[in-house]
Amino acid sequence: MMRISVKNRPEAALVFIIFISIIIILISGCLNNSATETQEDQGSQISAKAETAQKKAIEKVSDELSVLNSKDWAKLAVQIGRPRATALLWYHLKTTYNVDTKVVFGNPKKLDAAVAIMESTGGTSPFPTTSIKGVKYYIIDPTVPAIIGEFKYGDLFDDPGNTYLSYSYFRLFPEDIEIVKQWMKESGVNIQYTDFPAK
């Protein structure tokens, strides 16, 4: 068997060195690409988790309103009436999302009430706001339900039970509670309220 001596063939040695160098470069390139892709995947996952964790309260509220809307909340609001739908939504959002939630009366019709969330507790977002006494609020129409940009407002209250109007306008009576419970059963949505905490 004949052996080729690299010492005797300088051009063969050069080809051999170039060949080995190319293989090393290719292998290192593949490893770097693989590492980069892994880092990018991990970065995307971390970014997605951070985005979810940093979701503002008003965005969570908006998501909740979309779910309620898709479950025929508007039909429920018609059945129990706007003031009671306002009280129900006010309590549910206040307790579920821990935001400064108020009830704002309409003007001139006070019973055309809506839910108001202070921008300072809901977080700054592209959603429209209404300035009431120099403070910005997100106004939620309780019949849709959705954040709205136009609302002719009157007085603002922390609790629909503590207004100069009779509390009976905003209080859910046993027949209203039965309607809401039936709606929850049909829709699969749990609503927080004083008379029926979420299961």
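Residues numbered from 1 in each chain as written. Predicted model: local features only at pLDDT ≥ 70, side-chain atom pairs only at ≥ 80, totals over all residues. Heavy atoms only, no water.

Caption draft 1: Structural context of the packing of helix H3 (residues 73–80) against helix H4 (residues 82–97). The N-to-C vectors of H3 and H4 enclose an angle of 125 degrees; their axes lie 6 Å apart at closest approach. Relative to H4, H3 is oriented oblique. Contacts between H3 and H4 involve Trp73, Leu76, Ala77 and Ile80 on the former and, on the latter, Arg82, Arg84, Ala85, Leu88 and Leu89. Residues of the contact of H3 with H4, tallied by class, amount to seven nonpolar, no polar and two charged. (Axes fitted to C-alpha atoms, helices over the stretch in contact; angles between N-to-C directions. Helix = DSSP H or I, 4+ residues; strand = E, 2+ residues; numbered from the N terminus. Parallel < 35°, antiparallel > 145°, perpendicular 65-115°, else oblique. Contact = heavy atoms within 4.5 Å. Nonpolar A, V, L, I, M, F, W, Y, C, P; charged D, E, K, R; others polar.)

Caption draft 2: Inspection of the pairing of strand E2 (residues 114–118) at higher detail. The buried count for E2 comes to five of five residues, which makes it a mostly enclosed element. Sheet topology places E2 next to strand E4 (residues 135–141); four bridges connect them, and they run antiparallel. In the sheet register, Ile117 faces E4, and the bridge partner there is Tyr138. (Buried < 20%, exposed > 50% of the residue type's maximum accessible area, 1.4 Å probe, protein only. Pairing = 2+ DSSP bridges.)

Caption draft 3: Broad picture of the pattern of salt bridges. Under the defined criterion, the tally for this structure stands at five salt bridges. Between Asp141 and Arg82 there is a salt bridge, with the nearest N and O atoms lying 3.8 Å from each other. Remark: Arg82 occurs in helix H4 and Asp141 occurs in strand E4; sequence separation between them is 59 residues. Taking the relative accessible area as the measure of exposure, Asp141 reaches 13% and is therefore buried. Here the residues in one salt-bridge network are Asp100, Lys102 and Asp158, joined through shared partners. (Salt bridge = Lys/Arg side-chain N within 4 Å of Asp/Glu carboxyl O.)

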